[in-house]
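# Commentary on secondary and tertiary structure
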Protein chains: 4
Amino acid sequence: MAVPPKLAARLKKVRLFAMDVDGVLTDGSIIVLESGEEVKAWHVRDRIGFFMLRESGAHFHTAWITGRKSNAVKGAAENLRIGALYQKCEDKGAALREVTRKFGLIPEEVLFIGDDLVDLPAFKAAGLAICPADAPDVVRKACRWTTKAAGGKGVFREVADAVLQAQGLWPRVIGRFEKSV
Amino acid sequence: MAVPPKLAARLKKVRLFAMDVDGVLTDGSIIVLESGEEVKAWHVRDRIGFFMLRESGAHFHTAWITGRKSNAVKGAAENLRIGALYQKCEDKGAALREVTRKFGLIPEEVLFIGDDLVDLPAFKAAGLAICPADAPDVVRKACRWTTKAAGGKGVFREVADAVLQAQGLWPRVIGRFEKSV
Amino acid sequence: MAVPPKLAARLKKVRLFAMDVDGVLTDGSIIVLESGEEVKAWHVRDRIGFFMLRESGAHFHTAWITGRKSNAVKGAAENLRIGALYQKCEDKGAALREVTRKFGLIPEEVLFIGDDLVDLPAFKAAGLAICPADAPDVVRKACRWTTKAAGGKGVFREVADAVLQAQGLWPRVIGRFEKSV
Amino acid sequence: MAVPPKLAARLKKVRLFAMDVDGVLTDGSIIVLESGEEVKAWHVRDRIGFFMLRESGAHFHTAWITGRKSNAVKGAAENLRIGALYQKCEDKGAALREVTRKFGLIPEEVLFIGDDLVDLPAFKAAGLAICPADAPDVVRKACRWTTKAAGGKGVFREVADAVLQAQGLWPRVIGRFEKSV
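### Things to note about the relation of the copies chain B and chain A
Once turned by 90 degrees and shifted 0.0 Å along the axis, chain B lies on chain A with an RMSD of 0.0 Å. Such values leave the two copies arranged in the relation of a four-fold axis.

### A few points about helix H8 (residues 170–178) of chain D
For H8(D), the complete set of buried residues consists of D:Trp170, D:Val173, D:Ile174 and D:Phe177. All buried residues of H8(D) lie within an arc of 95 degrees about the axis, which places them on one face of the element. Residues of H8(D) that are exposed and point over 90 degrees away from its buried face: D:Pro171 and D:Arg172. On its buried side, H8(D) packs onto helix H5 (120–125) and helix H6 (137–141) of chain C together with helix H2 (44–55) and helix H7 (155–166) of chain D.

### Quick word on the pattern of salt bridges
Pairing between side chains becomes possible if they bear opposite charge and their charged atoms approach one another. All names here are of chain D. Counted by the stated rule, this structure contains 44 salt bridges over all chains. In this structure, the salt-bridge partner of Asp22 is Lys40, at a minimum N-O distance of 2.5 Å. On the criterion of sequence distance, the pair formed by Asp22 in the loop between strand S1 (16–19) and strand S2 (29–32) and Lys40 in strand S3 (residues 38–43) is long-range, its members being 18 residues apart. An identical accessibility class is assigned to Asp22 and Lys40; each is buried.

### Regarding the sheet that holds strand S3 (residues 38–43) of chain C
Strand order around the closed barrel formed by eight strands is S2(A)-S3(A)-S2(D)-S3(D)-S2(C)-S3(C)-S2(B)-S3(B), with antiparallel pairing between neighbours. Adjacent strand axes in the sheet meet at a mean angle of 30 degrees, parallel and antiparallel pairs treated alike. Bridge count between strand S2 (residues 29–33) of chain B and S3(C): five bridges; the pairing is antiparallel. Paired with B:Val32 across the strands is C:Lys40, a residue of S3(C). In the packing of helix H2 (residues 44–55) of chain C onto the sheet, the strands contacted are S2 of chain B together with S3 of chain C, and the crossing angle to S3(C) comes to about 70 degrees. Packed onto the sheet, helix H3 (residues 71–79) of chain C meets S2 of chain B together with S3 of chain C and runs at close to 35 degrees relative to S3(C).

### Considerations on the side chain of C:Asp115
When you line up the elements, C:Asp115 lands in the loop between strand S6 (110–113) and H5. A polar atom in the side chain of C:Asp115 sits 2.6 Å from the side chain of D:Arg45. Those residues within four positions of C:Asp115 in sequence are excluded, and the remaining contacts are C:Asp20, C:Asp22, C:Gly23, C:Val24, C:Pro132, C:Ala135, C:Pro136, C:Val139, D:Val44 and D:Arg45.

### Topic: the environment of A:Arg157
Within the secondary structure, A:Arg157 is located in helix H7 (residues 155–166). Expressed as a C-alpha distance, the spacing of A:Arg157 and A:Lys13, which sit 144 residues apart in the sequence, is 18 Å. When sequence neighbours within four positions are dropped, the list of residues in contact with A:Arg157 reads A:Arg45, A:Asp46, A:Ile48, A:Gly49, A:Met52, D:Asp116 and D:Leu117. A polar side-chain atom of A:Arg157 sits 2.9 Å from the main-chain carbonyl oxygen of A:Arg45.

### Notes on the packing of aromatic side chains
Inspection of the entire model under this criterion finds 28 aromatic pairs over all chains. Between B:Phe112 and B:Phe123 the ring centres are 5.8 Å apart and the planes differ by 75 degrees, which places this aromatic pair in the edge-to-face class. Taken as a pair, B:Phe112 in strand S6 (residues 110–113) and B:Phe123 in helix H5 (residues 120–125) lie far apart in primary sequence, eleven residues in all. Aromatic pair C:Phe50 and C:Phe156: ring centres 4.0 Å apart, planes at 15 degrees, arrangement stacked. Within this pair, whereas C:Phe50 is found in helix H2, its partner C:Phe156 is found in helix H7 (residues 155–166), the two being separated by 106 residues in sequence. Clustering of aromatic rings is evident, with ring pairs tying together A:Phe17, A:Trp42, A:Phe50, A:Phe60, A:Trp64 and A:Phe156. It is B:Arg176 that lies over the ring of B:Phe177; its NZ or CZ is 5.9 Å from the centre.

### Brief notes about the interface of chain B and chain A
Facing 26 residues of chain B, the contacting portion of chain A comprises 25 residues. Here chain B packs against chain A, burying approximately 2,300 Å² in sum over the two surfaces, 56% of which is carbon and sulfur. For the pair chain B and chain A, the interface holds three salt bridges. In this structure, B:Arg157 engages A:Asp116 in a salt bridge whose closest nitrogen and oxygen atoms are separated by 2.6 Å. Linking chain B with chain A are seven residue pairs in polar contact (both at pLDDT 80 or more), by the criterion used here. At the level of secondary structure, the elements contributing two or more residues to the side of chain B that touches chain A comprise strand S3 (38–43), helix H2 (44–55), helix H3 (71–79) and helix H8 (170–178) of chain B. Examining the composition of the side of chain B that touches chain A, we find that six residues originate from one element, S3(B), more than from any other. Taken together, the residues of the side of chain B that touches chain A break down into 13 nonpolar, five polar and eight charged. Here four bridges tie strand S2 (residues 29–32) of chain A to S3(B), and the two strands are oriented antiparallel to one another. Directly across from A:Ile30, in S3(B), lies its bridge partner B:Trp42.

### Notes on the interface of chain D and chain C
Counting from both sides, the interface comprises 26 residues of chain D and, opposite them, 25 residues of chain C. Regarding the contact of chain D and chain C, the summed buried area is about 2,300 Å², with carbon and sulfur atoms giving 56% of it. Scanning the region where chain D abuts chain C turns up three salt bridges. Counting every contact that joins chain D to chain C gives seven residue pairs in polar contact (both at pLDDT 80 or more). With six residues, S3(D) is the single largest residue contributor to the side of chain D that touches chain C. Its residues assigned to classes, the side of chain D that touches chain C comprises 13 nonpolar, five polar and eight charged.

### Side note on helix H4 (residues 92–102) of chain B
All names here are of chain B. Buried within H4 are the following residues: Lys92, Gly93, Ala95, Leu96, Val99 and Thr100. The buried residues of H4 occupy one face: seen down the axis, they fall within an arc of 160 degrees. The exposed set on the far side of H4, more than 90 degrees from its buried face, consists of Arg101 and Lys102. At its buried positions, H4 is contacted by strand S1 (16–19), strand S4 (61–65), strand S5 (84–86), S6 and H5. The N-cap residue of H4 is Asp91: its side-chain oxygen and the backbone nitrogen of Gly93 are 3.1 Å apart. Where H4 ends, the next residue or the one after it, Gly104, has phi of about 70 degrees, a positive value.

### Quick notes on the nonpolar core
Formed by 68 residues in total, the largest nonpolar core has its most connected members in B:Leu96, C:Phe17 and C:Trp64. Sorting elements by how many residues they give to this core places H7(C) first, with eight residues.

Rules used in this analysis
Residues numbered from 1 in each chain as written. Chains lettered and ligands numbered in written order. Predicted model: local features only at pLDDT ≥ 70, side-chain atom pairs only at ≥ 80, totals over all residues. Heavy atoms only, no water. Least-squares fit on C-alpha atoms with pLDDT ≥ 70 in both. Buried < 20%, exposed > 50% of the residue type's maximum accessible area, 1.4 Å probe, protein only. Helix = DSSP H or I, 4+ residues; strand = E, 2+ residues; numbered from the N terminus. Arc of directions from axis to C-beta. Contact = heavy atoms within 4.5 Å. Salt bridge = Lys/Arg side-chain N within 4 Å of Asp/Glu carboxyl O. Pairing = 2+ DSSP bridges. Axes fitted to C-alpha atoms, helices over the stretch in contact; angles between N-to-C directions. Polar contact = N/O pair within 3.5 Å; in protein donor to acceptor, adjacent residues only side chain to side chain. Phe/Tyr/Trp six-rings, centres within 6.5 Å; stacked < 30°, edge-to-face > 60°. Lys NZ or Arg CZ within 6 Å of the ring centre and 35° of its normal. Buried area = accessible area lost by both parts, 1.4 Å probe. Nonpolar A, V, L, I, M, F, W, Y, C, P; charged D, E, K, R; others polar. Core = buried A, V, L, I, M, F, W, Y, C linked by side-chain atoms within 4.5 Å.

Dropping the structure here:
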């Protein structure tokens, strides 16, 4: 799990992890019951990633910015203590600039993970644009880093691990998990 | 995401995107609760594809023609503003000819995406027959284009992107997503 | 979709398609809600395979023999007009011999598709033992044919297509789907 | 299905199969309905593995130790007669030491299967640390055995089969399934 060398300098500055939901934290499947109720499939290792950010001792911010809307996403955001949640968002660039200001940050301190055209404006508003392995070509070209993981298979966790390593927080996080021995 | 060269001439004429549902817009899984209720798993990038068609500025038609029936499909069709929905369809060829006439089109302006034997009559009624990467051999032989994506993994989106590019509408669509910057 | 040559002679005799459910008609996932309710994920092309058997003009029998029990399986068996359903079956060998007699057949006319140790007795009671691509080694060794498809990805359909071809019924089945043109 | 040679000596001593749930017995997907209800997807061959342990004639213990909590896991543990269940566990190392004592065992008789950082303390408390094929590098380095199966695809079964073989119980288990012929 080496930190991509060219990215290390940028990763060192990251204070806000902002991201799309469907296709990034999920594999893009929109699972719908006959009642219209939606089901989301998250990955346990991504969830632990949000926990690791908090345990790192550094003060990171998190934001989810999605064009869709569901109670499942709202519940998960509360559960994982996501700092800002934008649902039914029609302009992800504006949303990301807003949340960047809200947290008192500058774009260089912000990364955004997205997987589709609707994420292009957010990529431009972020200091570092990242997409999953299975994103379309047009999105990959707009991003500086394509993760090894595909959507829903630990994309966020791969990014979180890399940032924690680049910022020298890895031993502390590992220690947090090992200390209970 | 290059447009397949041999197809470009045909793609330029397309006005109607007609398709099967299970195995094309889904991976073929029929997910059933004990109550008999059915669950469908769509892909977020296909859904955005229907949105892109509308945003392209051209006047495209859409139709779903399926041999099965569920409220989940009805709800999704309304949600995505699909122009014509045929459920429990026993003759997909007749249905496609009907909807072609209804929209005032000729077969050369119609593409159909299907994945199985029940789709053969519709392939014959369409100007362009397309199937997913995981369709059976007998279906692939009946089709002019086998997409790179497997069923449920963005088959429709791959087709939509190619048509938009062939018709010179790509910059406009991309611009629609970028302009909010 | 070539018929495996060594199997052709045996496939010609098949009158009963008997099979396990989980791991054969599904990918082995046992999906459970908090209420204890179970969800099953079938494949649309397997379902069409049962339809094709009926449309072939030949008189085939079908049986599902499973060690588990759920309403979802019962509903699907009715829906697909499965001739015999054994749930919570503790001796699949005895069940298969019973259903073979019930339909007035001999073992040479029976194939059984299974994926695990609990299916070994049924393999011995069948004239032809078949397992999915992802079955454990000990099961594959007990079977004459390992399908190219993994569980839940069209295993039964692969078998049905091969039997229909071996028995010269393929043109009729294809014709059934094409004639509506 | 050969027993990994270097592990055979250790596998011979195993009396307790302890493991994490999400990412080991499942593929790591956390599937959530809008109501907040959770869905778990187990694998049928893992379930049969728990049955095989009981049928082996040896007296094995089982324990599930998870940081999450759901009725689905509670129900499955009862159904599969798991000897000890720890949910919402914050210190898996302490839990594993507790259950080891409870069953009157020593660490050499205990294996633990986990997939993430939260499992590190349990790996240290176990005589044999095992992880799925898709575990992160940091976890794989902490484990003596990485199974061929990925999470949710039969990891536990692969381990159970190897222990049964190493302890010479395989013929008895196979015989149990064949005897009904």
